[in-house]
Amino acid sequence: MSDYEGGPANDDDLSLPRATVYKLIGEMLPEDIACAKDTRDLLLDCCNEFIHLIASESNDVCEKEAKKTIAAEHVLTALQDLGFGKYVTEVQEAYDEHRKQQTKDRGRKSTKLSQLGMSEEELQRSQELLFAQARLRFQSQTTQAPPSDGTAASTGDTQ
Amino acid sequence: MVASESAGAVASSMLPAARVRRIIKEDKDIYACGSESLFLISRATECFVESLVRESYEFSRLDKRKTVQYKDVAKAAQSIEQYDFLADIIPPSVAIRKPAVDS
(Lines give C-alpha, C1' and ligand atoms only; values in the text may rest on other atoms or scores of the structure.)
Protein backbone atom coordinates (compact mmCIF):
# COMPACT_ATOMS: atom_id res chain seq x y z
CA MET A 1 0.00 0.00 0.00
CA SER A 2 1.37 3.38 -0.89
CA ASP A 3 2.09 5.97 1.74
CA TYR A 4 -1.27 7.51 1.30
CA GLU A 5 -2.56 10.35 3.43
CA GLY A 6 -5.83 8.48 3.87
CA GLY A 7 -5.32 7.80 7.56
CA PRO A 8 -7.29 5.38 9.75
CA ALA A 9 -10.65 4.02 8.79
CA ASN A 10 -12.41 5.88 11.57
CA ASP A 11 -13.54 9.48 11.42
CA ASP A 12 -10.55 11.67 12.08
CA ASP A 13 -11.08 14.84 14.02
CA LEU A 14 -9.17 16.63 11.31
CA SER A 15 -11.31 15.35 8.51
CA LEU A 16 -14.84 16.02 7.44
CA PRO A 17 -17.32 13.43 8.69
CA ARG A 18 -17.26 10.48 6.36
CA ALA A 19 -21.02 9.98 6.33
CA THR A 20 -21.69 13.62 5.43
CA VAL A 21 -19.37 13.56 2.45
CA TYR A 22 -20.70 10.18 1.31
CA LYS A 23 -24.17 11.69 1.41
CA LEU A 24 -23.08 14.72 -0.62
CA ILE A 25 -21.51 12.45 -3.22
CA GLY A 26 -24.69 10.41 -3.44
CA GLU A 27 -26.74 13.55 -3.99
CA MET A 28 -24.57 14.60 -6.89
CA LEU A 29 -24.72 11.39 -8.82
CA PRO A 30 -27.69 10.00 -10.72
CA GLU A 31 -29.66 7.37 -8.83
CA ASP A 32 -28.35 4.44 -10.81
CA ILE A 33 -24.70 5.40 -10.46
CA ALA A 34 -22.56 4.08 -7.64
CA CYS A 35 -19.27 5.24 -6.27
CA ALA A 36 -16.60 2.79 -5.17
CA LYS A 37 -15.67 3.02 -1.49
CA ASP A 38 -12.03 3.86 -2.06
CA THR A 39 -13.19 6.56 -4.43
CA ARG A 40 -15.47 8.06 -1.82
CA ASP A 41 -12.59 8.12 0.63
CA LEU A 42 -10.43 9.80 -1.97
CA LEU A 43 -13.09 12.45 -2.51
CA LEU A 44 -13.21 12.97 1.26
CA ASP A 45 -9.48 13.61 1.28
CA CYS A 46 -9.85 15.97 -1.66
CA CYS A 47 -12.39 17.97 0.33
CA ASN A 48 -10.06 18.21 3.32
CA GLU A 49 -7.28 19.33 1.01
CA PHE A 50 -9.54 21.90 -0.58
CA ILE A 51 -10.38 23.39 2.80
CA HIS A 52 -6.67 23.72 3.57
CA LEU A 53 -6.10 25.35 0.21
CA ILE A 54 -8.87 27.91 0.52
CA ALA A 55 -8.08 28.66 4.13
CA SER A 56 -4.43 29.19 3.37
CA GLU A 57 -5.11 31.42 0.39
CA SER A 58 -7.75 33.36 2.31
CA ASN A 59 -5.21 33.87 5.05
CA ASP A 60 -2.72 35.26 2.53
CA VAL A 61 -5.33 37.69 1.25
CA CYS A 62 -6.15 38.59 4.83
CA GLU A 63 -2.50 39.25 5.71
CA LYS A 64 -2.00 41.39 2.62
CA GLU A 65 -4.73 43.64 3.95
CA ALA A 66 -2.94 43.75 7.31
CA LYS A 67 -5.88 42.04 8.99
CA LYS A 68 -5.71 39.21 11.51
CA THR A 69 -9.05 37.53 11.08
CA ILE A 70 -10.09 35.94 7.83
CA ALA A 71 -13.18 37.77 6.61
CA ALA A 72 -15.79 36.77 4.06
CA GLU A 73 -14.31 39.03 1.38
CA HIS A 74 -10.94 37.33 1.80
CA VAL A 75 -12.49 33.97 1.07
CA LEU A 76 -14.25 35.28 -2.03
CA THR A 77 -11.03 36.83 -3.31
CA ALA A 78 -9.15 33.62 -2.57
CA LEU A 79 -11.64 31.61 -4.60
CA GLN A 80 -11.13 33.93 -7.55
CA ASP A 81 -7.36 33.86 -7.21
CA LEU A 82 -7.28 30.07 -7.14
CA GLY A 83 -9.36 29.77 -10.27
CA PHE A 84 -12.59 28.82 -8.55
CA GLY A 85 -14.37 31.95 -9.66
CA LYS A 86 -17.30 29.92 -10.90
CA TYR A 87 -18.15 29.06 -7.29
CA VAL A 88 -18.34 32.70 -6.30
CA THR A 89 -21.92 33.28 -7.47
CA GLU A 90 -23.33 30.36 -5.55
CA VAL A 91 -21.21 31.01 -2.49
CA GLN A 92 -22.15 34.71 -2.55
CA GLU A 93 -25.82 33.75 -2.79
CA ALA A 94 -25.44 31.43 0.16
CA TYR A 95 -23.67 34.17 2.10
CA ASP A 96 -26.48 36.65 1.46
CA GLU A 97 -29.13 34.13 2.51
CA HIS A 98 -27.08 33.19 5.55
CA ARG A 99 -26.77 36.83 6.63
CA LYS A 100 -30.49 37.39 6.17
CA GLN A 101 -31.10 34.35 8.36
CA GLN A 102 -28.73 35.63 11.03
CA THR A 103 -30.45 39.03 11.19
CA LYS A 104 -33.83 37.35 11.45
CA ASP A 105 -32.61 35.18 14.30
CA ARG A 106 -31.08 38.12 16.11
CA GLY A 107 -34.27 40.14 15.68
CA ARG A 108 -36.28 37.64 17.66
CA LYS A 109 -35.62 37.01 21.33
CA SER A 110 -35.19 33.32 20.74
CA THR A 111 -35.75 31.19 17.67
CA LYS A 112 -37.49 28.42 19.61
CA LEU A 113 -40.05 30.76 21.11
CA SER A 114 -40.60 32.66 17.90
CA GLN A 115 -41.35 29.44 16.05
CA LEU A 116 -44.44 28.97 18.22
CA GLY A 117 -45.99 31.89 16.41
CA MET A 118 -47.42 33.40 19.57
CA SER A 119 -46.97 36.92 20.82
CA GLU A 120 -45.44 37.60 24.19
CA GLU A 121 -48.81 38.30 25.84
CA GLU A 122 -50.20 35.05 24.47
CA LEU A 123 -47.17 33.19 25.76
CA GLN A 124 -47.60 34.76 29.19
CA ARG A 125 -51.30 33.90 29.26
CA SER A 126 -50.67 30.29 28.30
CA GLN A 127 -47.94 30.10 30.92
CA GLU A 128 -50.32 31.38 33.62
CA LEU A 129 -52.89 28.89 32.43
CA LEU A 130 -50.39 26.05 32.74
CA PHE A 131 -49.45 27.21 36.24
CA ALA A 132 -53.12 27.37 37.25
CA GLN A 133 -53.73 23.87 35.90
CA ALA A 134 -50.69 22.54 37.75
CA ARG A 135 -51.90 24.22 40.95
CA LEU A 136 -55.32 22.57 40.62
CA ARG A 137 -53.72 19.20 40.04
CA PHE A 138 -51.51 19.64 43.05
CA GLN A 139 -54.41 20.74 45.25
CA SER A 140 -56.55 17.78 44.22
CA GLN A 141 -53.67 15.46 45.07
CA THR A 142 -53.21 16.89 48.54
CA THR A 143 -56.94 16.69 49.41
CA GLN A 144 -56.81 12.89 48.95
CA ALA A 145 -54.03 12.39 51.48
CA PRO A 146 -54.45 13.53 55.12
CA PRO A 147 -53.79 17.25 55.18
CA SER A 148 -50.23 17.94 56.23
CA ASP A 149 -49.07 21.14 57.84
CA GLY A 150 -48.45 22.63 54.43
CA THR A 151 -45.08 21.03 53.71
CA ALA A 152 -45.01 19.93 50.09
CA ALA A 153 -42.39 17.26 50.77
CA SER A 154 -44.83 14.97 52.57
CA THR A 155 -46.82 14.10 49.47
CA GLY A 156 -44.48 11.25 48.67
CA ASP A 157 -47.21 8.66 49.19
CA THR A 158 -49.61 10.14 46.67
CA GLN A 159 -49.75 7.94 43.65
CA MET B 1 -27.79 22.60 -8.86
CA VAL B 2 -29.18 20.86 -5.81
CA ALA B 3 -27.97 23.41 -3.30
CA SER B 4 -29.63 26.43 -4.87
CA GLU B 5 -33.06 24.92 -5.22
CA SER B 6 -34.37 26.31 -1.98
CA ALA B 7 -33.29 29.35 -0.01
CA GLY B 8 -33.25 27.25 3.14
CA ALA B 9 -30.67 24.84 1.75
CA VAL B 10 -28.50 27.67 0.47
CA ALA B 11 -28.38 29.47 3.82
CA SER B 12 -26.84 26.51 5.60
CA SER B 13 -24.07 24.05 5.02
CA MET B 14 -24.12 20.31 5.42
CA LEU B 15 -20.61 20.40 6.76
CA PRO B 16 -20.35 20.74 10.56
CA ALA B 17 -18.83 24.11 11.41
CA ALA B 18 -16.74 22.86 14.32
CA ARG B 19 -15.10 20.24 12.17
CA VAL B 20 -14.35 22.66 9.35
CA ARG B 21 -12.89 25.09 11.87
CA ARG B 22 -10.62 22.39 13.28
CA ILE B 23 -9.35 21.55 9.82
CA ILE B 24 -8.65 25.22 9.11
CA LYS B 25 -6.88 25.69 12.43
CA GLU B 26 -4.44 22.94 11.53
CA ASP B 27 -2.64 25.65 9.61
CA LYS B 28 -0.54 27.36 12.25
CA ASP B 29 -0.21 30.46 10.09
CA ILE B 30 -3.89 31.15 10.46
CA TYR B 31 -4.57 33.43 13.38
CA ALA B 32 -8.35 33.51 13.28
CA CYS B 33 -11.24 32.78 10.98
CA GLY B 34 -14.57 34.53 11.31
CA SER B 35 -17.69 32.39 11.47
CA GLU B 36 -19.01 33.87 8.24
CA SER B 37 -15.78 32.97 6.48
CA LEU B 38 -16.10 29.51 7.91
CA PHE B 39 -19.53 29.27 6.37
CA LEU B 40 -18.25 30.45 2.99
CA ILE B 41 -15.44 27.92 3.05
CA SER B 42 -17.94 25.18 3.86
CA ARG B 43 -20.19 26.13 0.99
CA ALA B 44 -17.24 26.46 -1.38
CA THR B 45 -16.17 22.96 -0.39
CA GLU B 46 -19.62 21.68 -1.22
CA CYS B 47 -19.34 23.34 -4.63
CA PHE B 48 -15.94 21.77 -5.05
CA VAL B 49 -17.03 18.23 -4.29
CA GLU B 50 -20.01 18.68 -6.55
CA SER B 51 -17.76 19.73 -9.44
CA LEU B 52 -15.22 17.02 -8.81
CA VAL B 53 -17.86 14.31 -8.53
CA ARG B 54 -19.57 15.42 -11.74
CA GLU B 55 -16.28 15.64 -13.61
CA SER B 56 -15.21 12.21 -12.36
CA TYR B 57 -18.54 10.82 -13.33
CA GLU B 58 -18.01 12.05 -16.88
CA PHE B 59 -14.98 9.80 -17.16
CA SER B 60 -16.83 6.77 -15.87
CA ARG B 61 -19.60 7.52 -18.35
CA LEU B 62 -17.11 7.67 -21.20
CA ASP B 63 -15.94 4.27 -20.09
CA LYS B 64 -19.54 3.07 -20.05
CA ARG B 65 -19.41 2.20 -16.37
CA LYS B 66 -22.05 2.57 -13.69
CA THR B 67 -19.56 2.94 -10.89
CA VAL B 68 -17.33 5.93 -10.41
CA GLN B 69 -13.87 4.63 -9.68
CA TYR B 70 -10.62 5.94 -8.29
CA LYS B 71 -9.13 6.37 -11.75
CA ASP B 72 -12.02 8.61 -12.78
CA VAL B 73 -11.24 11.03 -9.98
CA ALA B 74 -7.55 10.79 -10.84
CA LYS B 75 -8.29 11.66 -14.47
CA ALA B 76 -10.52 14.54 -13.46
CA ALA B 77 -7.87 15.89 -11.12
CA GLN B 78 -5.26 15.73 -13.83
CA SER B 79 -7.34 17.26 -16.56
CA ILE B 80 -8.26 20.45 -14.74
CA GLU B 81 -5.61 22.99 -13.87
CA GLN B 82 -7.37 24.24 -10.72
CA TYR B 83 -7.09 20.72 -9.33
CA ASP B 84 -3.29 20.71 -9.42
CA PHE B 85 -3.29 20.97 -5.63
CA LEU B 86 -4.67 17.43 -5.53
CA ALA B 87 -1.57 15.96 -7.18
CA ASP B 88 0.00 15.09 -3.83
CA ILE B 89 -2.92 13.14 -2.51
CA ILE B 90 -3.55 11.12 -5.63
CA PRO B 91 -0.62 8.70 -5.67
CA PRO B 92 1.06 8.73 -9.07
CA SER B 93 0.99 4.96 -9.26
CA VAL B 94 -2.78 5.05 -9.48
CA ALA B 95 -3.01 8.11 -11.68
CA ILE B 96 -3.08 7.77 -15.43
CA ARG B 97 0.34 7.57 -16.93
CA LYS B 98 0.78 10.58 -19.12
CA PRO B 99 3.27 10.29 -21.99
CA ALA B 100 6.38 12.26 -21.07
CA VAL B 101 6.22 15.31 -23.30
CA ASP B 102 9.28 17.47 -23.61
CA SER B 103 8.43 20.82 -25.09
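Quick caveat: nothing in here was measured; it's all calculated off a predicted structure.

## Topic: the overall build of chain A
- Scanning chain A for helices and strands turns up six helices and two strands.
- Ordering the α and β elements of chain A from the N terminus gives α-β-α-β-α-α-α-α.
- By residue count, 30% of the 159 residues in chain A fall in the buried class.
- Long-range contacts, defined as pairs at least 24 residues apart, comprise 33% of the intrachain contacts of chain A with a sequence gap of at least 6.
- In the structure as shown, chain A presents an accessible area of about 10400 Å², 51% of it carried by carbon and sulfur atoms.

## Some points on the side chain of Thr39(A)
- Along the chain, Thr39(A) turns up in helix H2 (residues 37–64).
- Within polar-contact distance, the side chain of Thr39(A) engages the backbone nitrogen of Tyr70(B) at 2.9 Å.
- In this view, Thr39(A) contacts Val68(B), Gln69(B), Tyr70(B) and Val73(B); residues no more than four positions away in its chain are not counted.

## Comments concerning the UniProt feature "domain: Transcription factor CBF/NF-Y/archaeal histone" (unreviewed entry) in chain A
- Mapped onto the present numbering, the UniProt feature "domain: Transcription factor CBF/NF-Y/archaeal histone" (unreviewed entry) falls on residues 15–79 of chain A.
- The span residues 15–79 of chain A carries 72% helix and 6% strand; its end-to-end C-alpha distance comes to 21 Å.

## Points about the nonpolar core
- Phe48(B) and Leu86(B) are the most contacted members of the largest nonpolar core, which totals 58 residues.
- Elements with a minimum of two residues in this core: helix H1 (18–28), H2, helix H3 (72–81) and helix H4 (85–107) of chain A together with helix H2 (17–25), helix H3 (35–62) and helix H4 (70–79) of chain B.
- Considering every element that reaches this core, the biggest residue donor is H3(B), with 11 residues.
- Setting aside anything within four residues of it in sequence, one finds Leu86(B) in contact with Cys46(A), Glu49(A), Phe48(B), Leu52(B) and Ala77(B).

## A short note on H3(A)
- Turning to H3(A), its buried residues are Ala72(A), His74(A), Val75(A), Leu76(A), Ala78(A) and Leu79(A).
- Gly83(A) sits one or two positions beyond H3(A) and adopts a positive phi of about 85°.

Criteria and cut-off values
- Residues numbered from 1 in each chain as written.
- Chains lettered and ligands numbered in written order.
- Predicted model: local features only at pLDDT ≥ 70, side-chain atom pairs only at ≥ 80, totals over all residues.
- Heavy atoms only, no water.
- Helix = DSSP H or I, 4+ residues; strand = E, 2+ residues; numbered from the N terminus.
- Buried < 20%, exposed > 50% of the residue type's maximum accessible area, 1.4 Å probe, protein only.
- Contact = heavy atoms within 4.5 Å.
- Areas by Shrake-Rupley, 256 points an atom, 1.4 Å probe, with all protein chains shown as cover.
- Polar contact = N/O pair within 3.5 Å; in protein donor to acceptor, adjacent residues only side chain to side chain.
- UniProt positions renumbered as here; feature names shortened; annotations may be inferred.
- Core = buried A, V, L, I, M, F, W, Y, C linked by side-chain atoms within 4.5 Å.

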